[in-house]
Amino acid sequence: MDNFTRDHRIIVMAGEVDTSKIADAESVVREAYIKFQKTGLEGDVAERKAPLKAYLSEINDFVIDLAGVELQNSLDGGDPGRVQNSIDELEAVTEVSLSERLKNAFPKIDEFTVIAVSPEADSLPDACVITTPREAVDC
């Protein structure tokens, strides 16, 4: 995941797939995302939060990390110094709050834009095929 802009955040998956399996790979990723959005991550939430809590408890010792987190917070409209209370925010995270966030804040699968690069134009059925960047405008 990455911030493309403040309003557009992206999930990127990259890897090499045999051309004959691009459509299958795209389908598997769609199904996995749908399942993830419904069920969330497997495992204990407390175990998942532990490394973040350790990181946040030491962040004040790393000025560059602290500045980066504060900058992102500021760009997102957060209150100055929010990182100082981030452990409290993390403690408030529960399976229920994670489930709600997945349901309400993450995009639905039909909002995804899939970009596949292949030497074979028909490797992803029903795709808008372009050969130059300018052609993407019409997709």
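A quick note: this is a predicted structure, and the numbers were derived from the prediction, not measured. (Residues numbered from 1 in each chain as written. Predicted model: local features only at pLDDT ≥ 70, side-chain atom pairs only at ≥ 80, totals over all residues. Heavy atoms only, no water.)

Student: Describe the overall build of the protein, with residues and values.
Tutor: A tally of helices and strands in the protein yields 5 helices and 2 strands. In summary, the protein has a C-alpha radius of gyration of 19 Å against a globular reference of 14 Å for 139 residues, an excess of more than 25%. Taken along the three principal axes of its C-alpha coordinates, the protein extends 50 × 35 × 25 Å. Considering the protein as a whole, with its 139 residues, one finds that 14% of them fall into the buried category. Summarising the internal contacts of the protein: among those between residues at least 6 apart in sequence, 58% fall at separations of at least 24. Summing over all exposed atoms, the protein offers an accessible surface of approximately 11,200 Å²; the carbon and sulfur share of this is 56%. Positive and negative side-chain charges of the protein, numbering 14 and 28 respectively, have mean locations separated by a distance of 4 Å. (Helix = DSSP H or I, 4+ residues; strand = E, 2+ residues; numbered from the N terminus. Rg over C-alpha atoms; globule rule 2.2 N^0.38 Å. Buried < 20%, exposed > 50% of the residue type's maximum accessible area, 1.4 Å probe, protein only. Contact = heavy atoms within 4.5 Å. Areas by Shrake-Rupley, 256 points an atom, 1.4 Å probe, with all protein chains shown as cover. Lys, Arg positive; Asp, Glu negative; His and termini not counted. Charge placed at Lys NZ, Arg CZ, Asp CG, Glu CD.)

Student: Before we move on, could you go through the environment of Gly-81 and cite the residues and values that matter?
Tutor: Relative to the assigned elements, Gly-81 resides in the loop between helix H3 (63-75) and helix H4 (86-91). Placed 17 residues apart in sequence, Gly-81 and Leu-98 show a C-alpha to C-alpha distance of 24 Å.

Student: Account for helix H2 (residues 45-58), naming residues and giving values.
Tutor: When the terminal C-alpha atoms of H2 are compared, their 21 Å separation across 14 residues agrees well with the 20 Å that a helix rising 1.5 Å per residue should span. Maximum bend of H2: about 25°, positioned at Pro-51. If you check which residues of H2 are buried, you get Val-45, Lys-49 and Leu-56. Of the surrounding elements, those touching the buried residues of H2 are H4 and helix H5 (95-104). (Expected span 1.5 Å × (residues − 1). Bend = angle between axes of the 7 residues up to and from the residue.)

Student: So what's going on with unusual backbone geometry? Which residues, and what values?
Tutor: Notably, Asp-126 is not glycine yet its phi reads approximately 65°, a positive angle. As for its placement among the helices and strands, Asp-126 is situated in the segment after H5.

Student: Describe the packing of aromatic side chains, with residues and values.
Tutor: Applying the stated criterion to the full structure yields 3 aromatic pairs. Their ring planes at 50° and their centres at 6.3 Å tell us that Tyr-33 and Phe-36 sit as a pair that is tilted. A residue pair is termed a helical-turn pair when its members lie 3 or 4 positions apart in one helix, as Tyr-33 and Phe-36 do in helix H1 (residues 22-39) at 3 residues. Since its relative accessible area comes to 9%, Tyr-33 is described here as buried. You can call Phe-36 partly exposed: its relative accessible area is 25%. Ring centres 4.6 Å apart and planes at 55° place the aromatic pair Tyr-33 and Phe-112 in the tilted group. Here Phe-112 lies in the segment after H5 and Tyr-33 lies in helix H1, a separation of 79 residues in the sequence. (Phe/Tyr/Trp six-rings, centres within 6.5 Å; stacked < 30°, edge-to-face > 60°.)

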